[in-house]
Amino acid sequence: MALSPGGIPCHLQDSITALLGSKEIILVKPVQLQVKSKYEDDILVLTPWRAYVLQVLLPGRVWSSFSFLEVREITIQEPSLVVIDTDTASYAFRLVSLDDLEQVVSHIIMSLKKVFPDSFPGKLLKNYPPSLFERIQRITDSLKEMLQNNQGPCGGFSETYAALCDYNGFTFREEIQWDVDNIYHSQDCREFNLLDFAHLESRDVALSITALSFNLWFTKLYCKDFRLNLEISEQLLYMLSKSVKLEELVLENSGLKFEFAQRMAQALRGNPDSALSTISLAGNQLEDKGITAFSQHIKKRTKGLRSLNFSRTSLTAKGASTLCQSLASNGIFSTSLQHLDLSGNPGVLATDDASVRINSSRQSLHSFLSHANSVSHLNLAGTDCALDALFGALAIGCCANLAHLDLSKNVYSHKKPRDVPPAIKLFFSKAAALRYVGLACTKLPPEAVRALLQGLASNSQISDLHLDLSSCELRSAGAQVIQDLIFDANAISSLDLADNGFDADMVTLVLAIGRSKSIRHVSLGKNFNIKSKENLADVLHRIVQLTQEDDCPLQSLSVAESRLKLGTNVLLNALGSNTSLSTLDISGNTIGDTGAKMLAKALQINTKLRTVIWDRNNTTAHGFLDVARALERNYTLRSMPLPMSDVTQAYRSNPEKTEEAVHKVQAFLARNQMRRTLPKQTFRLQQGIVTSSSEQMVNEMCTSLQKHVDALSARLGREVEAGVLCAEEAIREANLSISLLPLLYETGNAPYQNCQLLHKLECLTEAASQACSREIQAIMQAVLDTTQNLCPTILQKSGVRDRLVHTISERIILQDHLHLSAVLDQLVTDVFSKLTEIRLSVIAAVADGLIDEVLEDLTSAQCRLAENLPKQTPDLHVLQPDNPEEDDFLLKKSRNLLDVAEQSFAAEEYKMALRRKNKHFRSIRPTPAMRSKADTETFSAYNPVLLHCPAPEPDTGCFSIEELFGDLQHLDLILLQ
């Protein structure tokens, strides 16, 4: 009878293979199994995680089996007799030889070692011969060393999961194994996310959690908005009682009740080696019962927690009191706790003299915070916490480390506020790490805002602070405080003032914000409930002026939810010349398709904006298509969050065009995000729009001044001859300067002639290419040497090393080696692109400065002509015009001019106004014409140009110097008011 290498007949071996199917067979040994007082011949088959006892007779049948995870004890009674005790039975096997016994015992112990890395043979083996133990110990030591060097993907999670599936009799889910071994492992991800497996049955999810109990790879378990049933919860508790590696536990809004918190505290108490430092059970109905039980664990815990989140857990003052007392009584937490979140539990920290219980919770928290602590993130939003009392504790113990403070949706005081406590100013003057302060919906009194800003003004330790004062009902009194102090509060870089009822105070408030040199982000939405259309237009014009200043630090502006309608176009029309804003939020302003078209026109020439947010604006498919077409020519905008509300509405009425527009927008944004170099036209737009507007201004001033010179030359005597000559000289110089500008631009567009720079860059890329080649060769050699050391026998075979070298070379060619030259060539392109940008910037600066000088000369000439006007006015009526009606009109305008000349408009003020108009005002897109009279009236109310324009004079066909003063007075009304 033919025998297999293990001494098993071949026909029986085939029967065993067919019987166990796809299960991997590791060992097959003939044994005698003790049944009562006698031994019967059987076959012992060992798979990776289970032992099968089969009858010798055909057809093969499994007589019994047990999982290695059931094994409690292994006793060696004779050199070839081993007794294996499991949870349900005891097996006495007599093997053929000591070697067979050693192989069986070693396999079981090594399998358990993979699941329980901290286990060792002495825990299982009883009454073993020393020689056998030494051999098994050597085997397990080598296994331990191997596991330390390479446990397999994610610490051998899949093997543990397979063992648990075998132990529980569950189907092995290959997708769990594949996701962990490939996705998690390739990303070096230490977070096990239950949402990745939420589509599976709950028992499969539960089993994957159990596999984490002894895993030494994963450090975080995450679950949010997924209901965890009893089966999963039980395995979570088991895992918490066993894991020594898990550091973060996030189970938010998972349907857990107070019983889970009670049992969780019990599980952690039984696991003193737990590394858990971050716990978030937010959004679960833990109630006071659960929090109180967990508080008892906190009081006795010997290891601190870094983060604790019990927000929205139905916590009341009673539970909060217990929790705060536990935190205060355990000194470990003063140095460990950095993140504390109790938000969304109304009333837990309220101050009520009639309730000792509530007072105790407040005092316990204050006691903890007033001592030196490590809290860096404190969230007490929506807890009815009295701010006037809390700042006293913060000023004592939280100045050194607190970086994030969220006190929104609380009250300033539960008593009638009197004097503002000095602790507010003290805290904000001493805070050394503060980065975010949330005080939204707290109804701060103006004097508290004053104390806050005064504290920040005297604080030189912090910068880049985000201050949220939205929905505080500050109104006029609060606006006045902000106007007085915001300039000195240099720590503030982001300021949210939305929904504060400023309305009529917005003009002066915007001017005050404009004086700050530190604020880069500002939110002003829901403050535009201004009845007067003229006043609203003035506010919008001030915002435009703020963003147009050369030294404007503002990078982000939000006017969201303000329902500005067509008034938003005032802001959009100014975007073409914007050089500061990179983020704009105009959501909730009902701009419609007209506003979308104005946004599209602005995006075609704006090169500064990187993000635009504009949902809830009643935009249809036509408006989206306008924006999509504009983005085709915009290479700098990178983010435009999909306006879901408007897209949904537009899709219902016109799905094809809406889908087309959305696809185009997303494609162009993706192009911009991946693009490394910008077209030369983009650089021109960045620097050229102001210069272009300046040229137009010079030409118009020259034309206007020439008409006035012609009028005076024909009608006046020698008294004005010097002024006329000065004006003519200024016009000639201006025309000459304008004619030279194209030559200057051509210099900027000329190809590079610096061969030396190109040669150096080529040498640099060649040197870099050679260095990369050497590095690749070093990598190849190192890999081959390592392979030679690990597998010397294989590499000694004829031709193996040469084949490996050939394979590596082919792989390099197919991979990055071919792209190295392209990367290095791109480096040269990037250098010259940057030089182009710098060159165009220099040319624009020179052109702008030149035009400024021209404008100054033209302005001086205009002012000189105006000075001669009063001396010549009495003689004007002597002149005999061809048209008598024209003579009466000139006399009337001359008298009006005398009144105008008496006004104190200094020449320098006019020069400043002209320069401001040159650089900013003329680069703002004019108001679009509307179809109906009603639309025109509505839109003109939102446009500062139309608002301030005087009524047109009758056309007389001639020009006079008083028209010059009319132009200057109009300009002064617009820009100097």
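Residues numbered from 1 in each chain as written. Predicted model: local features only at pLDDT ≥ 70, side-chain atom pairs only at ≥ 80, totals over all residues. Heavy atoms only, no water.

Once that is clear, we can look at the side chain of S158. Mapped onto the elements of the fold, S158 is located in helix α4 (residues 157-168). When near neighbours in sequence (up to four residues on either side) are disregarded, S158 contacts F172, Q177 and D181. (Helix = DSSP H or I, 4+ residues; strand = E, 2+ residues; numbered from the N terminus. Contact = heavy atoms within 4.5 Å.)

Inspection of every chain in the model, using the stated rule, returns 20 salt bridges. With its nearest N and O atoms 3.7 Å apart, the salt bridge here joins E201 to R203. A salt bridge links R450 to E447, with the nearest nitrogen and oxygen atoms 3.5 Å apart. Of this pair, R450 and E447 are both found in helix α15 (residues 446-457), 3 residues apart, which corresponds to roughly one turn of the helix. Owing to a relative accessible area of 23%, R450 belongs among the partly exposed residues under this scheme. The exposure class of E447 is partly exposed, given its relative accessible area of 43%. A network of salt bridges, in which partner residues are shared, links E191, K220 and E248. (Salt bridge = Lys/Arg side-chain N within 4 Å of Asp/Glu carboxyl O. Buried < 20%, exposed > 50% of the residue type's maximum accessible area, 1.4 Å probe, protein only.)

Turning to unusual backbone geometry, a few remarks are in order. For N253, which is not glycine, the phi dihedral falls at a positive 50 degrees. Mapped onto the elements, N253 comes out in the loop between β11 (248-252) and α8 (258-269). Overall, N253 belongs to the partly exposed group, its relative accessible area being 38%.

Below, the discussion takes up the environment of R563. Relative to the assigned elements, R563 resides in the loop between β21 (556-558) and α19 (568-573). Spatially, the C-alpha atom of R563 lies 8.1 Å from that of F528, the residues being 35 residues apart in sequence. Among residues more than four places away in sequence, those in contact with R563 are G588, N589 and T590.

Tallying each qualifying case throughout the model produces 17 aromatic pairs. Arranged with centres 6.3 Å apart and planes meeting at 5 degrees, the rings of F157 and Y161 form a pair that is stacked. Taken together, the positions of F157 and Y161, both in helix α4 and 4 residues apart, correspond to about one turn of that helix. Here Y161 falls in the buried class, since its relative accessible area comes to 0%. Between W614 and F624, the ring centres sit 5.4 Å apart and the planes meet at 65 degrees, which makes this aromatic pair edge-to-face. Taken as a pair, W614 in the loop between β23 (611-613) and α21 (621-631) and F624 in helix α21 lie far apart in primary sequence, 10 residues in all. By the burial criterion, W614 is buried, and F624 matches it. The structure contains a cluster of three or more aromatic residues connected by ring pairs, namely F157, Y161, F172, Y184, F192, F197 and F218. The side chain of R94 reaches across the aromatic face of Y39, ending 4.8 Å from its centre. Above the face of the F170 ring, R203 is positioned so that its terminal group lies 4.6 Å from the ring centre. (Phe/Tyr/Trp six-rings, centres within 6.5 Å; stacked < 30°, edge-to-face > 60°. Lys NZ or Arg CZ within 6 Å of the ring centre and 35° of its normal.)

A few words now on the state of the cysteines. Taken as a whole, this structure holds 0 disulfides when the rule is applied. In this structure C385 is not part of a disulfide, and its nearest cysteine sulfur, from C324, lies 10.0 Å away. For C385, a relative accessible area of 2% corresponds to the buried category. The closest cysteine sulfur to the non-disulfide-bonded C472 is located on C441, 6.9 Å from its own sulfur. (Disulfide = S-S within 2.5 Å.)

This part is about the nonpolar core. Membership of the largest hydrophobic core comes to 199 residues, with the highest contact counts inside it found for F93, M264, L308 and F427. For this core, the leading source of residues is helix α2 (residues 98-115), giving 7 residues. Not counting the four nearest positions on each side in its chain, L308 is found in contact with I279, F294, I298, L323, L327, L337, H339, L340 and D341. Formed by 19 residues, the second largest nonpolar core is a distinct cluster that contains V698, L705, L712 and V724. (Core = buried A, V, L, I, M, F, W, Y, C linked by side-chain atoms within 4.5 Å.)

Where helix α20 (residues 592-605) meets α21, the closest approach of the two axes is 8 Å, and the angle between their N-to-C directions is 0 degrees. On the basis of the axis angle, α20 is roughly parallel to α21. Where α20 approaches α21, its residues D593, A596, K597, L599, A600, L603 and Q604 are matched on the opposing element by H622, G623, D626, V627, A630 and L631. Across the contact of α20 with α21, the residue classes break down as 7 nonpolar, 3 polar and 3 charged. (Axes fitted to C-alpha atoms, helices over the stretch in contact; angles between N-to-C directions. Parallel < 35°, antiparallel > 145°, perpendicular 65-115°, else oblique. Nonpolar A, V, L, I, M, F, W, Y, C, P; charged D, E, K, R; others polar.)

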